[in-house]
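Descriptive analysis of the structure
Single-letter residue listing:
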Amino acid sequence: MNQLTLFSPAKLNLFLHITGRADNGYHHLQSVFTAIDFGDTLSFRTSTSQKLVNLIGADNLTDDINDNLIVKAVQALAKRYPAYTSSVQIILEKHIPTGAGLGGGSSNCATTLIAINELWGLRLCTDELMSIGASLGADVPFFIFAYFYKSSAIATGIGEILTAIDLPDCGYLVLLPDEHISTATLFNCDELRQDHPVYDHHTLLGANFFGENALFGNVFTPLVLARSAKVAHAFGYLSDLEHQFGTKARMSGTGSAVFLPIPYELNDTAINHLIDNAPCPALFVRGLY
């Protein structure tokens, strides 16, 4: 195999709680991640270039291309398995906005690890790939997990401890305000709640994450709404629709994207009406698995 094209999905956090902080400064969390049918496309092919990786389509994502997680993923595998290394050209077709809490960078990183594992014939198992992914970013293991197990996941630890969870079929109205939210800034906020209880898996497996259950929310939502009028406006639009669908507006991750679960089928006219009336770019997505 010398070329491969893969879909690199975005994700939503159906809830996100901070449950503590380790001595090394990392925050412990609990969340449910679900991959969605919206994302980027990555094309890979081996080449005879002297350069390890030639990444096309990512010039504006980082000041230094070597800071891109796609490049870091290739470098990480090359460092561990130099005997298998060959030059690779990667073309990124980008759709997931940065800073939106949709995991675009982490997804691209995971997709690259999966693809290079195939292209170089490394034959690494899922757990090995997830371990390497965890060294590159806390959300990376989920996308590897989702790809191989075709499942949403309960996440604990720093996000790397994953357990499969079956979710009911659901659509999501996602709004994308033009706002880049700094994850580091939010984690350093004095008002960030860091003492949520850890719910056992039995409770989570039977939970309704789509309704207005007060047990589950996103701990970062009030911080972002207080700091961004654009996100607050988008969130308000979704909040006004809650009674219509019997679900609760959410924010994904630490980013600007907000969404409303829609647990039953809508026709194209109804979907287009919701999108057309949104105060910012919007899309209707479904869970990928």
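In this text, all values refer to a predicted model and were calculated from it rather than measured experimentally.

1. Considerations on the UniProt feature "binding site: ATP" (unreviewed entry) in the chain
Per the UniProt annotation, the sites labelled "binding site: ATP" (unreviewed entry) are Pro-97, Thr-98, Gly-99, Ala-100, Gly-101, Leu-102, Gly-103, Gly-104, Gly-105, Ser-106 and Ser-107. For the largest pocket, the lining residues drawn from the annotated set are Pro-97, Thr-98, Gly-99, Ala-100, Gly-101, Leu-102, Gly-103, Gly-104, Gly-105 and Ser-106. Inspection of the secondary structure assignment puts Thr-98 in the loop between β4 (88–93) and α2 (104–119). Residue contacts for Thr-98: discarding those within four places in its chain leaves Leu-61 and His-180. The topology assignment puts Ala-100 in the loop between β4 and α2. With a relative accessible area of 2%, Ala-100 lands in the buried category. For Ala-100, the residues in contact, after removing those within four places along its chain, are Ser-252, Gly-255, Ser-256 and Ala-257.

2. Focus: the sheet that holds strand β8 (residues 250–251)
Within a beta sheet, neighbouring strands are joined by backbone hydrogen bonds and run either parallel or antiparallel to one another. Spatially, the four strands line up as an open sheet ordered β8-β9-β7-β10, and their pairing is antiparallel. Each end of this open sheet is capped by a strand with a single partner; those strands are β8 and β10 (282–286). Of the strand pairs in this sheet, β8 and strand β9 (residues 258–262) are connected by two bridges, and their pairing is antiparallel. Each bridged residue has a counterpart across the sheet, and for Met-251 the counterpart in β9 is Val-258. Strands β7 (171–175), β8 and β9 of the sheet are contacted by helix α8 (residues 229–239), whose axis makes an angle of about 10° with β9. Most of the contacts of helix α10 (residues 268–276) go to β10, to which it runs at about 140°, and overall it touches β7, β9 and β10.

3. Some words on the domain arrangement of the chain
Taken domain by domain, the chain comprises domain 1 (4–164) and domain 2 (171–286). Averaged C-alpha coordinates put domain 1 and domain 2 at centres separated by 23 Å. Between domain 1 and domain 2, the residue contacts involve 28 residues of the former and 37 residues of the latter. It is Leu-14, His-17 and Ile-18 that lose the most area in domain 1 upon contact with domain 2, and together they represent 23% of the buried surface on that side. Linking domain 1 with domain 2 are zero salt bridges, by the criterion used here. Across the domain 1-domain 2 interface, the total number found is 15 residue pairs in polar contact (both at pLDDT 80 or more).

4. Considerations on the packing of helix α3 (residues 126–134) against helix α4 (residues 140–149)
With their axes 7 Å apart at the nearest point, α3 and α4 run at an angle of 160° to one another. One way to sum up the angle between α3 and α4 is to call them roughly antiparallel. Seen from above, α3 lies across α4 with right-handed handedness. Where α3 approaches α4, its residues Thr-126, Leu-129, Met-130, Gly-133 and Ala-134 are matched on the opposing element by Val-140, Pro-141, Ile-144, Phe-145, Phe-148 and Tyr-149.

5. Some thoughts on the side chain of Asn-68
Structurally, Asn-68 can be placed in the loop between β3 (53–56) and α1 (69–80). Discounting chain neighbours no more than four positions away, the residues touching Asn-68 are Leu-55, Ala-58, Leu-61 and Thr-62.

6. Quick notes on the environment of Ala-234
Its place among the elements puts Ala-234 in helix α8. Between the alpha carbons of Ala-234 and Arg-21 there is a distance of 31 Å; along the sequence they are 213 residues apart. Beyond its immediate stretch of four places on either side in the chain, Ala-234 contacts Leu-175, Pro-177, Val-258, Pro-279 and Cys-280.

7. With respect to the pairing of strand β2 (residues 27–46)
Regular strands have side chains that alternate between both faces of the sheet. The element β2 is largely enclosed, with a buried count of 14 among its 20 residues. For strand β1 (residues 3–21) and β2, the ladder comprises 16 bridges, and the chain directions are antiparallel. Within β2, the residue paired with Arg-21 across the bridge is His-27. What sits between the antiparallel neighbours β1 and β2 is a turn of five residues, in which Gly-25 has the positive phi angle 95°. Across three bridges, the pairing between β2 and strand β5 (residues 152–156) is antiparallel. The residue bridging Ser-31 from the neighbouring strand is Ala-155, located in β5. By the bridge criterion, six bridges tie β2 to β4 in an arrangement that is antiparallel. Within β4, the residue paired with Phe-44 across the bridge is Ile-90.

Calculation rules
- Residues numbered from 1 in each chain as written.
- Predicted model: local features only at pLDDT ≥ 70, side-chain atom pairs only at ≥ 80, totals over all residues.
- Heavy atoms only, no water.
- UniProt positions renumbered as here; feature names shortened; annotations may be inferred.
- 1 Å grid on protein atoms, 1.4 Å probe; cavity = no way out; pocket = protein on both sides within 12 Å on 5 of 7 lines; lining within 4 Å.
- Helix = DSSP H or I, 4+ residues; strand = E, 2+ residues; numbered from the N terminus.
- Contact = heavy atoms within 4.5 Å.
- Buried < 20%, exposed > 50% of the residue type's maximum accessible area, 1.4 Å probe, protein only.
- Pairing = 2+ DSSP bridges.
- Axes fitted to C-alpha atoms, helices over the stretch in contact; angles between N-to-C directions.
- Domains from an automatic or database assignment.
- Buried area = accessible area lost by both parts, 1.4 Å probe.
- Salt bridge = Lys/Arg side-chain N within 4 Å of Asp/Glu carboxyl O.
- Polar contact = N/O pair within 3.5 Å; in protein donor to acceptor, adjacent residues only side chain to side chain.
- Parallel < 35°, antiparallel > 145°, perpendicular 65-115°, else oblique.
- Left-handed = near helix turned anticlockwise from the far one by under 90°.

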